[in-house]
Amino acid sequence: MSLACSPVGNAVVIALAQFQGNNEGNSTVVYCLEVVGNLENEKEFHVIRQPFPLYNQVGNVVVWSNNQLRNEVVARGTVISFQRIQSASLLCEAYRGNVGKVLDMNMVLSKLQFGHQGYNGVAYRGIREARPDVVVTDRGIITQQYNWPNPCIILIGVQDAKTLDGRVIFKTIQGEVYSLKNNCRNYMQSTIDEVTLPVQVPRSLNDVGSFVLVSLQMANMSGQYLQAVCEGILISSANLSTQTPGLQTYEMSSNPRGLCFIINNLIFQHEADNRHGAEFDKAALKALFKELFFAVRVIKNLTANEMRQVAIDVAGEDHSAFDAFVFIIMSHGGDHDQIYGVDGRPVKIEELMSEFIATKCPTLQNKPKLFIFQSCRGSSTESMVPTNCHIDPVPGFSADSTLARGTCPQEADFLLAFAAAPGYYSYRNPKSGSLFIQVLVNVIRTHHHDSHLSELLQEVTRQVAERGTTTPAVQVPAHSNTLRAKLYL
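Residues numbered from 1 in each chain as written. Predicted model: local features only at pLDDT ≥ 70, side-chain atom pairs only at ≥ 80, totals over all residues. Heavy atoms only, no water.

Novice: Looking at this structure, I do not really get the overall build of the chain. What am I missing?
Specialist: Within the chain one finds 8 helices and 27 strands. The burial tally for the chain puts 54% of its 489 residues in the buried class. Counting contacts in the chain only where the partners sit at least 6 residues apart, residues at least 24 apart contribute 71% of the total. Of the accessible surface of the chain, which amounts to about 20900 Å², a share of 50% is contributed by carbon and sulfur atoms. (Helix = DSSP H or I, 4+ residues; strand = E, 2+ residues; numbered from the N terminus. Buried < 20%, exposed > 50% of the residue type's maximum accessible area, 1.4 Å probe, protein only. Contact = heavy atoms within 4.5 Å. Areas by Shrake-Rupley, 256 points an atom, 1.4 Å probe, with all protein chains shown as cover.)

Novice: Quick question: what am I supposed to make of helix α5 (residues 304-315) here?
Specialist: Structural remark: α-helix, 3.6 residues per turn; residues separated by three or four positions point the same way. The end-to-end C-alpha separation of α5 is 17 Å, in line with the 16 Å expected for 12 residues at 1.5 Å each. Where α5 is buried, its residues meet β16 (258-264), β18 (324-330), β20 (338-340), β21 (346-348) and α6 (349-353). (Expected span 1.5 Å × (residues − 1).)

Novice: How do you make sense of the pattern of salt bridges when you look at a structure like this?
Specialist: When charged atoms on two side chains of opposite charge get close, those side chains can pair. Following the criterion strictly, the structure yields 13 salt bridges and no others. For Glu 34, the salt bridge is made with Arg 84, and the minimal N-O distance between the two is 3.4 Å. Pair noted here: Glu 34 is in strand β2 (residues 27-37) and Arg 84 is in strand β5 (residues 78-86), with a separation of 50 residues, a long-range link. Here Glu 459 ties to Arg 462 by a salt bridge, and the two come within 2.5 Å at their closest N and O atoms. Of this pair, Glu 459 and Arg 462 both sit in helix α8 (residues 453-467), 3 residues apart, which is roughly one turn of the helix. The partly exposed category is assigned to Arg 462, whose relative accessible area is 37%. Within the structure, one salt-bridge network assembled from shared partners comprises Glu 34, Arg 49, Arg 84 and Glu 93. (Salt bridge = Lys/Arg side-chain N within 4 Å of Asp/Glu carboxyl O.)

Novice: Can you walk me through the packing of helix α4 (residues 278-291) against helix α7 (residues 435-447) in this structure?
Specialist: A pair of packed helices can be characterised by two numbers: the angle between their axes and the separation between those axes. Running from N to C, α4 and α7 cross one another at 20°; their axes reach a closest spacing of 10 Å. Between α4 and α7, the interaxial angle falls into the category roughly parallel. The crossing of α4 and α7 is left-handed. Contacts between α4 and α7 pair Phe 280, Asp 281, Ala 284, Leu 285, Ala 287, Leu 288 and Glu 291 from the former with Ile 437, Gln 438, Val 441, Ile 444 and Arg 445 from the latter. Class assignment of the residues belonging to the contact of α4 with α7 gives a composition of 8 nonpolar, 1 polar and 3 charged. (Axes fitted to C-alpha atoms, helices over the stretch in contact; angles between N-to-C directions. Parallel < 35°, antiparallel > 145°, perpendicular 65-115°, else oblique. Left-handed = near helix turned anticlockwise from the far one by under 90°. Nonpolar A, V, L, I, M, F, W, Y, C, P; charged D, E, K, R; others polar.)

Novice: Is there a simple way to explain the pairing of strand β11 (residues 167-172) in this structure?
Specialist: Within β11, 5 of the 6 residues are buried, which leaves it mostly tucked inside the rest of the structure. The antiparallel pairing of strand β10 (residues 152-164) with β11 creates a hairpin that spans 2 residues between the two strands, and Asp 165 there sits at a positive phi of about 55°. (Pairing = 2+ DSSP bridges.)

Novice: When you look at the sheet that holds strand β27 (residues 478-481) in this model, what are you seeing that I'm missing?
Specialist: By way of backbone hydrogen bonds, the strands of a sheet pair with one another, either parallel or antiparallel. With respect to topology, 6 strands assemble into an open sheet ordered β17-β16-β18-β22-β24-β27, the strand pairing being mixed. At either margin of the open sheet sits one strand with a lone partner, and together these are β17 (295-300) and β27. Across the sheet, the mean angle from the axis of one strand to that of its neighbour is 10°, orientation sign disregarded. Of the strand pairs in this sheet, strand β24 (residues 414-418) and β27 are connected by 4 bridges, and their pairing is antiparallel. Pairing of Leu 416 across the sheet is with Ser 480, part of β27. Contacting β16 and β18, α5 crosses the sheet at an angle of about 175° to β16.

Novice: I keep staring at the side chain of Asn 265 and nothing clicks. Help me out?
Specialist: By the secondary structure assignment, Asn 265 is in the loop between β16 and α4. A polar contact of 3.3 Å, which involves the side chain of Asn 265, links it to the side chain of Ser 331. Excluding residues that lie within four positions of it along the chain, Asn 265 makes contacts with Arg 275, Lys 300, Asn 301, Leu 302, Met 307, Met 330, Ser 331, Tyr 340, Gly 341 and Val 342. (Polar contact = N/O pair within 3.5 Å; in protein donor to acceptor, adjacent residues only side chain to side chain.)

Novice: In this structure, what is going on with the packing of α7 against α8? I would like to understand it.
Specialist: Interaxial distance between α7 and α8 falls to 9 Å at its minimum, and their mutual angle equals 135°. Taken together, the axes of α7 and α8 lie oblique to each other. At the point where α7 passes α8, the crossing takes the right-handed sense. In this structure, α7 contributes Leu 435, Phe 436, Val 439, Leu 440, Val 443, Ile 444 and His 447 to the contact, and α8 contributes Leu 453, Leu 456, Leu 457, Glu 459, Val 460, Gln 463, Val 464 and Arg 467. Tallied by class, residues from the contact of α7 with α8 come to 11 nonpolar, 2 polar and 2 charged.

Novice: Just checking my understanding: could you explain the nonpolar core for this structure?
Specialist: What tends to happen in soluble globular proteins is that the nonpolar side chains get buried as a cluster. Among the nonpolar cores identified, the biggest contains 37 residues, and Phe 289, Phe 294, Ile 328 and Leu 453 are the most heavily contacted of them. Counting residues per element, the ones that place at least two in this core are β16, α4, β18, β22 (369-374), β24, α7 and α8. With 8 residues, the single largest contributor to this core is α7. Excluding anything up to four places from it in sequence, Ile 328 contacts Cys 260, Phe 261, Ile 262, Ile 263, Leu 285, Phe 289 and Ile 372. Judged by nonpolar contacts, the second largest core, of 28 residues, contains Phe 170, Tyr 178, Leu 197 and Ala 228. (Core = buried A, V, L, I, M, F, W, Y, C linked by side-chain atoms within 4.5 Å.)

Honestly, it's all geometry; don't read function into it.
Pasting the structure below:
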């Protein structure tokens, strides 16, 4: 057999996958990306082309025994040398040895570009972006006449991913949801329990995100269809501030990201003060922050003293393993920067916030602390709207009482988001929840992967304010912050 061999090149190992044909799991397929340039300087090397399976040098087969891998010390991040071999029936990259260099996976992933065919590794925002003509079932079978190289290997950017029953369920950057057989050795999680993976979504085309490595392989000898299989899960934990000099970004890679604590006061001493519809806000917020990988706790109907004690207790917990903290309070507001408990007694916002300053809560020092308040901020409204908060100003809406102007954080790393501008009501629909919370949830869910939180809150303000152009219930949300970096949820 005549072979044509190219000069030796270098590649970095990006994934190890269990060989599908071996039930005992004692053999592995190794996947790599070619690297070129000066490997001693991260600014002077590139990953190029699409991923490829690495053939071993024992018989030129793509399957490696695990003993062979251990002896060669081939693991993720390992830089190896390879030689491209081509014959009439085979085109492959064959292993030649290690070069004595290990690369950080975050650095490797940062070299990828979506859909770029030039001097960079290629990734895609979805399977259909990579292969527009495929038809994928919920079991990952691609019902398409086989006409691609075997296997076809592609990197897909993901928004979130979890493992369950030997499969990986993931949502692509384009919003496609797939459930594929999981061959990835690094994330072969329990087949019984659902395990959420701490993926990081890309913020822009130049940012580091997380990927799944998908192989499209012939599923039968007749070549009638393909099967998509997850061969690798490449999770980034990089601080994105290192990717964009001059634009600092808070680290948000822990899993859970942090604690999200929700206080929802619905039932008050006086029945007329009950906040009907607030249960919709609670459900929406709980679902959202779970999707964002926060540990969510919800408690309802607290008195003023109970709210004080909750703040003290939560601030006293150990937040060392977390990157952020979220505190959401939904209730009636009052003058002098106060929130009311269900007993009709007030507690000052500053009093609750003060429990989370660095001296009282050192495990949240230098970490973003987000406070969201669904309540009014005064008794002023447009002239068409009655100022008595016990009267629905607009059919179907009621006001959440008042919260005075003037509250702002007094220490770094705080962000306060209010349902209304100082001096104005906020509105709540008993059948669907508050305008502010429902818009906030929708905007964050839709755009959190490509916009930081301050940008998201500006969009919330725009959407809520524009609702006021078609109804007399004018409401303008407001926020203030002392954040020292961009916060991506």
